[in-house]
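# An overview of the molecular structure
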Amino acid sequence: MNEQIVARHWIAAALPKAAPAIATSTVLILARIWNANGAEHSVGNAVLMTALSAGAAAAGMVAGNATGDSVLTGTAFAASGALAFAGVAGYADGLSLPLLLWSLATAGAYALAARYWRHDRRETVAFERQTTERREEYAHIERVETLRSTTQIEVARHGAAYAEQLAQALVTRATLPGFDPTALERAGLPALPAVDITKEH
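All figures in this text were calculated on a predicted structure; none of them were measured in a lab.

## Observations concerning the environment of Leu 28
As for its placement among the helices and strands, Leu 28 is situated in helix α1 (residues 10-39). Taking the C-alpha atoms as reference points, Leu 28 and Ala 82, separated by 54 residues in sequence, lie 9.2 Å from one another.

## So, the nonpolar core
Ranked by size, the top nonpolar core spans six residues in total: Leu 28, Ala 31, Met 49, Phe 85, Ala 86 and Ala 89. Every element with two or more residues in this core is listed here: α1 and α3 (70-91). Excluding residues within four positions of it along the chain, Ala 31 makes contact with Ala 86, Ala 89 and Gly 90.

## Describing the pattern of salt bridges
What the rule picks out here adds up to two salt bridges. The closest approach of N and O atoms between Glu 145 and Arg 148, which form a salt bridge, is 2.9 Å. Highlighted residues: Glu 145 and Arg 148, both in helix α4 (residues 96-174), separated by three residues, approximately one helical turn. Classification of Glu 145 by relative accessible area gives partly exposed; the value is 36%. The residue Arg 157 makes a salt bridge to Glu 154 at a minimum N-O spacing of 2.6 Å. Note that Arg 157 and Glu 154 are positioned in helix α4 at a spacing of three residues, about one turn of the helix. Arg 157 sits in the partly exposed class, given a relative accessible area of 48%.

## A closer look at α3
A rise of 1.5 Å per residue sets the reference length of α3, with its 22 residues, at 32 Å; its end C-alpha atoms lie 31 Å apart and thus fit the reference within 8%. For α3, every residue scored as buried is listed here: Thr 73, Ala 76, Ser 80, Phe 85, Ala 86, Gly 87, Ala 89 and Gly 90.

## Here's the deal with the layout of surface pockets
Roughly 740 Å³ of internal volume is contained in the largest pocket. The wall of the largest pocket is formed by 25 residues, among which Gly 74, Ala 78, Gly 108, Ala 109 and Leu 112 lie closest to the centre. Broken down by element, the lining of the largest pocket gets its largest block of residues, 10 residues, from α3. A breakdown of the residues in the lining of the largest pocket according to their chemical character gives 18 nonpolar, six polar and one charged.

## Let's talk about the packing of helix α2 (residues 43-66) against α3
Taken N-terminus to C-terminus, the directions of α2 and α3 make an angle of 170 degrees; their axes are 8 Å apart at the nearest point. Classified by the angle between their axes, α2 and α3 sit roughly antiparallel to one another. Every pair of crossing elements has a handedness; the one defined by α2 and α3 is left-handed. On α3, the residues touching Val 43, Ala 46, Met 49, Leu 52, Ser 53, Ala 56, Ala 57, Ala 59, Gly 60, Met 61, Ala 63 and Gly 64 of α2 are Leu 72, Thr 73, Ala 76, Phe 77, Ala 79, Ser 80, Leu 83, Ala 84, Ala 86, Gly 87 and Tyr 91. A class-by-class count of the residues in the contact of α2 with α3 yields 17 nonpolar, six polar and no charged.

## Some words on the confidence of the model for the protein chain
Predicted coordinates in regions of low pLDDT should not be interpreted in detail. Across the protein chain, the average pLDDT comes to 79, with 84% of residues at or above 70. By mean pLDDT, the top-scoring element of the protein chain is α4 (87), and the lowest-scoring one is helix α6 (residues 197-200) (47). Low pLDDT (under 50) marks residues 197-201, which in the prediction has five contacts with non-local residues, meaning those over four places away or in another chain.

## Examining the environment of Ala 82
Within the secondary structure, Ala 82 is located in helix α3. Under the relative-accessibility criterion, Ala 82 is labelled partly exposed at 28%. For Ala 82 and Ala 23, which are 59 residues apart along the polypeptide, the C-alpha to C-alpha distance reads 9.1 Å.

The rules behind these values
Residues numbered from 1 in each chain as written. Predicted model: local features only at pLDDT ≥ 70, side-chain atom pairs only at ≥ 80, totals over all residues. Heavy atoms only, no water. Helix = DSSP H or I, 4+ residues; strand = E, 2+ residues; numbered from the N terminus. Core = buried A, V, L, I, M, F, W, Y, C linked by side-chain atoms within 4.5 Å. Buried < 20%, exposed > 50% of the residue type's maximum accessible area, 1.4 Å probe, protein only. Contact = heavy atoms within 4.5 Å. Salt bridge = Lys/Arg side-chain N within 4 Å of Asp/Glu carboxyl O. Expected span 1.5 Å × (residues − 1). 1 Å grid on protein atoms, 1.4 Å probe; cavity = no way out; pocket = protein on both sides within 12 Å on 5 of 7 lines; lining within 4 Å. Points joined across faces, edges and corners; volume = space filled by probe spheres on them. Nonpolar A, V, L, I, M, F, W, Y, C, P; charged D, E, K, R; others polar. Axes fitted to C-alpha atoms, helices over the stretch in contact; angles between N-to-C directions. Parallel < 35°, antiparallel > 145°, perpendicular 65-115°, else oblique. Left-handed = near helix turned anticlockwise from the far one by under 90°. pLDDT = per-residue confidence, 0-100.

So this is what it looks like as structure tokens:
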């Protein structure tokens, strides 16, 4: 079996590992832009973000209890944390608290992502092991069938050569004086074609 080998670019390989930091950094940057455009010390914006964060957390709890879907629950709680982080980063007047929250959010995101990465890695290893076993099994079957076919071809070739030699020997023997073709028929062998001995001589 010939399989195409695809080499992943190093950026494509590193992008999933950088996704949590990119996500939290994006939220921090957008929150600080929001801060510079009037969200600093804005009680109304803080209340809005608090309500959105609480709503996302409540949706995560409901999804976890009702469906048991861990992906949906994790997404809802991640949205809740992102909204809370954005609300604080947008409301605060300095960078100390937003940077502290960014570092905590990034660490938490990597802790959650590492769990899914381990799970995906186990599934990938199991899939590769099963694929290797199936490939080896198919290769073994293919080798066995190839040997069997080769053996059958060789047996058929030798059988045909032997039958041709036997037929030639019987025809040659039939031309000799004193040969009785009915003796072969009584022995159960197929009848030979009639040979005109006078014509041969």
